[in-house]
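Working through the structure, step by step
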Amino acid sequence: MNTAARFFCADAARLRNDSLAGTAPYGSIWILVEYRGGWPPNGFDGLPLEPGTKKLVFSAAQAVRARILLIRRHGRRPSDGPRRWAVLRHGSDGAHRQTWGTWERDEDLAAIAEALAAPGEPSARPVVLVCAHGMHDACCAVRGRPVGRALSERWPDLVWECTHVGGDRFAANVVVVPDGVYYGNLDAASSVTAVEEHLADRVHADHLRGYTNLFPPQQTAVAALLSRFGPAGRHHYVVEETTRDGDRWHVRVLSRAYDAVYDVEVRSHRTPPRQLTCRGVSVSSTVVHEALSIVVGRR
């Protein structure tokens, strides 16, 4: 009889006190495909779709570095009626653009490739994604589904469960798109607070993994400013310059609301090898970014 305790990557990460800051994957274009059946471990790639359509969507997404996520509403929902798809963009100017459509036949998804080639419609309406991809990682289901339920009860029209978004060990993970803001280490109560504040344009350092239009050292610098000076709007801080010297990064950040600049020194280092996912049998190390200092100046 095997009496060994089951390994949960999110429990292990909390025991190690793994840092959240600077862990959001880079990207600014999101493809959402509603799929009400079981999700394969590899998400969209594993769906039994018509091969030509599937290849078309994947190639179009790859060309613009878009991330494809399967989505569904939380809980048991009627399975009849067309399913939805979306292309969401976060522009360099902070503008949000979205294109939504429906699909019944696999071939209908070819419209996604057309939407990727068009600018999309301006929209300030956010989409809140909760990773609940249990076939990919157990922690995403164990921790993600209670969060999906809590958020869906509060904002039923905004919230979708989704497939793997990265960082299983930070489950429950919530991503607000097309803003491209990652939150982690959430539970039902803290997720409601984080999303409520986000929708009021107040991003807090607590539970923040980062902004997906920034690279890890830049994400870490902004998180340090939010931690030092308190919550701020999604576009309050603008990264003006980033330079590297060995394991140190100098990130200059501008405040849109105040006539101030902040010089943040960030250090990066690699952790010892460790098991990072519930399913992973091998160990690997990660790069951690830590803010060392903040110097405030005037423009």
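Residues numbered from 1 in each chain as written. Predicted model: local features only at pLDDT ≥ 70, side-chain atom pairs only at ≥ 80, totals over all residues. Heavy atoms only, no water.

1. Description of the overall build of the chain
We apply this condition: Helix and strand labels come from DSSP, where a helix needs a run of H or I of at least four residues and a strand needs a run of E of at least two; each type is numbered from the N terminus. Using C-alpha atoms as the atom set, the radius of gyration is obtained and then compared with a globule rule of 2.2 Å times the number of residues to the power 0.38. The criterion used for residue contact is that any of the two residues' heavy atoms lie within 4.5 Å. Areas reported here follow the Shrake-Rupley algorithm with a probe of radius 1.4 Å; residue values treat only the protein chains shown as occluding.
Scanning the chain from N- to C-terminus turns up six helices and 14 strands. In terms of overall size, the chain behaves like a compact globule, its C-alpha atoms giving a radius of gyration of 20 Å where 299 residues would be expected to give roughly 19 Å. In the chain, of all internal contacts separated by at least 6 residues, the share reaching a separation of at least 24 is 66%. Roughly 14,300 Å² of accessible area belongs to the chain as shown, and the carbon and sulfur atoms make up 50% of that amount.

2. Focus on the pattern of salt bridges
Going by this rule: Within this document, salt bridges are pairs made up of a side-chain nitrogen of Lys or Arg and a carboxyl oxygen of Asp or Glu, the two lying within 4 Å of each other. A simple rule labels every residue: compare its accessible area, found with a 1.4 Å probe on the protein chains alone, to the largest value its type can have, and call it buried under 20%, exposed over 50%, or partly exposed in between.
Under the defined criterion, the tally for this structure stands at 14 salt bridges. Taking the shortest distance from any N to any O, the salt bridge between Glu34 and Arg36 comes out at 3.1 Å. Here Glu34 falls in the buried class, since its relative accessible area comes to 6%. Using a relative accessible area of 29% as the deciding quantity, one classes Arg36 as partly exposed. Across the salt bridge formed by Arg252 and Asp263, the nearest N and O atoms sit 2.7 Å from each other. With Arg252 in strand E12 (residues 248–255) and Asp263 in strand E13 (residues 261–270), this pair connects stretches of sequence that are eleven residues apart. Overall, Arg252 belongs to the partly exposed group, its relative accessible area being 29%. Overall, the relative accessible area of 16% leaves Asp263 in the buried class. In the salt-bridge network here, residues are joined through shared partners; they are Arg16, Asp18, Arg169 and Arg274.

3. Examining the nonpolar core
Spelled out, the test is: Throughout this description, the term nonpolar core refers to a set of buried Ala, Val, Leu, Ile, Met, Phe, Trp, Tyr and Cys residues connected via side-chain atoms within 4.5 Å.
One finds Leu151, Val174, Tyr183, Leu208, Tyr211, Leu226 and Tyr237 to be the most contacted residues of the largest nonpolar core, which totals 38 residues. The leading source of residues in this core is helix H6 (residues 216–229), at six residues. Beyond its immediate chain neighbours, meaning those up to four positions away, Tyr183 contacts Ala172, Asn173, Val174, Val176, Ala194, His198, Val203, His207, Leu208 and Arg209. Of all hydrophobic cores here, the second largest spans 22 residues; its members include Ile29, Ile31, Leu70 and Ala115.

4. What to know about the layout of surface pockets
We apply this condition: The pocket and cavity definitions rest on a 1 Å grid over protein atoms only: a 1.4 Å probe that fits but cannot leave marks a cavity, an open set with protein on both sides within 12 Å along at least five of seven lines marks a pocket, and residues lining either have an atom within 4 Å of a point. Grid points are joined across faces, edges and corners, and a volume is the space filled by probe spheres set on the points. Side-chain classes are defined by residue name, with Ala, Val, Leu, Ile, Met, Phe, Trp, Tyr, Cys and Pro counting as nonpolar, Asp, Glu, Lys and Arg as charged, and the others, Gly among them, as polar.
Put simply, the largest pocket is a space of about 320 Å³. Along the wall of the largest pocket there are 17 residues; nearest its centre are Asn42, Asp45, Phe58, Arg67 and Ile68. Every element with two or more residues in the lining of the largest pocket is listed here: helix H2 (51–63) and strand E2 (67–72). Classifying every residue of the lining of the largest pocket gives seven nonpolar, seven polar and three charged.

5. A look at the packing of aromatic side chains
In plain terms, the rule: The rule is short: rings of Phe, Tyr and Trp, with Trp giving its six-membered ring, pair when the centres are within 6.5 Å, and they are stacked under 30 degrees, edge-to-face over 60, tilted in between. Lysine NZ or arginine CZ positioned within 6 Å of the ring centre and within 35 degrees of the ring normal marks a charge as sitting over the ring.
Applying the stated criterion across every chain, the model contains four aromatic pairs. Judged by centre distance (5.3 Å) and plane angle (45 degrees), the rings of Phe229 and Tyr262 are tilted. With Phe229 in helix H6 and Tyr262 in strand E13, the pair connects residues that are 33 residues apart, well separated along the chain. With relative accessibility at 7%, the residue Tyr262 sits in the buried group. Directly above the ring of Trp39 sits Arg72, whose terminal nitrogen or CZ lies 3.6 Å from the centroid.

6. Some points on the sheet that holds strand E14 (residues 287–297)
Definition in use: When DSSP finds at least two bridges between two strands, those strands are taken to pair. Interaxial angle, 0 to 180 degrees, is taken between N-to-C directions of lines fitted to C-alpha atoms, where a helix line uses only the stretch in contact.
If you walk across this open sheet you meet the four strands as E11-E12-E13-E14, and the pairing is antiparallel. Strands with a single pairing partner mark the edges of an open sheet, and in this sheet they are strand E11 (237–245) and E14. Across the sheet, the mean angle from the axis of one strand to that of its neighbour is 25 degrees, orientation sign disregarded. Bridge analysis of E12 against E13 gives seven bridges, and the strand direction is antiparallel.

7. Structural notes on the packing of helix H4 (residues 138–154) against helix H5 (residues 188–199)
Rules: Angle categories: roughly parallel below 35 degrees, roughly antiparallel above 145, roughly perpendicular from 65 to 115, and oblique for all the rest. A clockwise turn of the near helix away from the far one marks a right-handed crossing, whereas an anticlockwise turn of less than a right angle marks a left-handed crossing.
In contact at an axis separation of 8 Å, H4 and H5 are set at 45 degrees when each is read in the N-to-C sense. As the angle between them shows, H4 and H5 are arranged oblique. Along this stretch, H4 crosses H5, giving a crossing that reads as right-handed. The residues of H5 that touch H4, namely those facing Pro146, Val147, Ala150, Leu151 and Arg154, are Ala188, Ser191, Val192, Val195 and Glu196. Per-class residue counts for the contact of H4 with H5 are seven nonpolar, one polar and two charged.

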